[in-house]
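Remarks on the overall topology
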Amino acid sequence: MDDCIFCKISAGEIPATVLYEDDDVIAIEDLNPQAPVHALVMPKAHYDNIVDGVPATTLASMVHAVGEVAASTGLSERGFRVIANTGSDAGQTVNHLHLHVLGGTSLGEGLIP
Ligand code: AMP
Ligand code: ZN
């Protein structure tokens, strides 16, 4: 996907603060954090969203990365929230699958971002 910003970040063509990386996935700090810890976990391969025929192995790698990020950022003890905005009603703005990992404060019951 030539014009996909997250493909470019995954390929190292656009800088990002990387929190975790393996062969399948990369986790970065969100540029516009909505919580003290706000990471994005994404596959390196392009999928539009979480229901875009993503292989189970890729989804498993993403969940593994969520755990790694939660541990390394200190979220594991107090808890955190994982969100996958999917499509326009959910406000998805970058059409490359990503999980928001949010925490570091009491998040309440809001559904942002
Ligand atoms: P969504 O609305 O679920 O598609 O979320 C897209 C997220 O990507 C937003 O929280 C943005 O702040 C974040 N974002 C956009 N561009 C970048 C970037 N270059 N580096 C890090 N995060 C980004
Ligand atoms: Zn992409």
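Described below are features of the structure shown in this document. Keep in mind it's a predicted model, so treat the numbers as computed, not measured.

1. Things to note about the site of ligand 1
Contacts to ligand 1 come from 16 residues, most closely from Asp30, Asn85, Thr93, His98 and His100. Within the contact set of ligand 1, a nitrogen atom lies 3.1 Å away from a backbone nitrogen or oxygen of Leu31. Side-chain polar atom of His100 to an oxygen atom of ligand 1: 2.8 Å apart, as the coordinates give it. Calculation on ligand 1 without its partners gives an accessible area of 500 Å², and the protein chains cover 84% of this total. For ligand 1, the cavity whose grid points lie within 2 Å of the majority of its atoms is the largest pocket. Counting residues per element, the shell around ligand 1 draws most heavily on helix H1 (residues 5–10), which supplies three residues. Residues of the shell around ligand 1, tallied by class, amount to seven nonpolar, seven polar and two charged.

2. Here we look at the sheet that holds strand E4 (residues 80–83)
Strand order in the open sheet formed by five strands is E1-E2-E3-E5-E4, with antiparallel pairing between adjacent strands. Looking at the sheet topology across the chains shown, the edges are occupied by strand E1 (18–21) and E4. On average, each strand axis in the sheet is inclined to that of its neighbour by 20°, with strand direction left out of account. Relative to strand E5 (residues 99–103), strand E3 (residues 37–43) is paired through five bridges, and the arrangement is antiparallel. Along E5, the bridge assignment pairs Leu40 with His100. Sitting on the sheet, helix H2 (residues 56–72) is in contact with E1, strand E2 (25–29), E3, E4 and E5, with an inclination near 155° to E3.

3. Re the environment of Asp24
Position of Asp24 among the secondary structure elements: in the loop between E1 and E2. For the pair Asp24 and Ala65, spaced 41 residues apart in the sequence, the C-alpha separation amounts to 9.7 Å. Contact partners of Asp24, with chain neighbours within four places excluded, come to Met42, Pro43, Lys44 and Ser61. A polar side-chain atom of Asp24 sits 2.8 Å from a polar atom in the side chain of Ser61.

Here is what the cut-offs are and how they apply
- Residues numbered from 1 in each chain as written.
- Chains lettered and ligands numbered in written order.
- Predicted model: local features only at pLDDT ≥ 70, side-chain atom pairs only at ≥ 80, totals over all residues.
- Heavy atoms only, no water.
- Near = heavy atom within 4 Å.
- Polar contact = N/O pair within 3.5 Å; in protein donor to acceptor, adjacent residues only side chain to side chain.
- Areas by Shrake-Rupley, 256 points an atom, 1.4 Å probe, with all protein chains shown as cover.
- 1 Å grid on protein atoms, 1.4 Å probe; cavity = no way out; pocket = protein on both sides within 12 Å on 5 of 7 lines; lining within 4 Å.
- Sits in = over half its atoms within 2 Å of the grid points.
- Helix = DSSP H or I, 4+ residues; strand = E, 2+ residues; numbered from the N terminus.
- Nonpolar A, V, L, I, M, F, W, Y, C, P; charged D, E, K, R; others polar.
- Pairing = 2+ DSSP bridges.
- Axes fitted to C-alpha atoms, helices over the stretch in contact; angles between N-to-C directions.
- Contact = heavy atoms within 4.5 Å.

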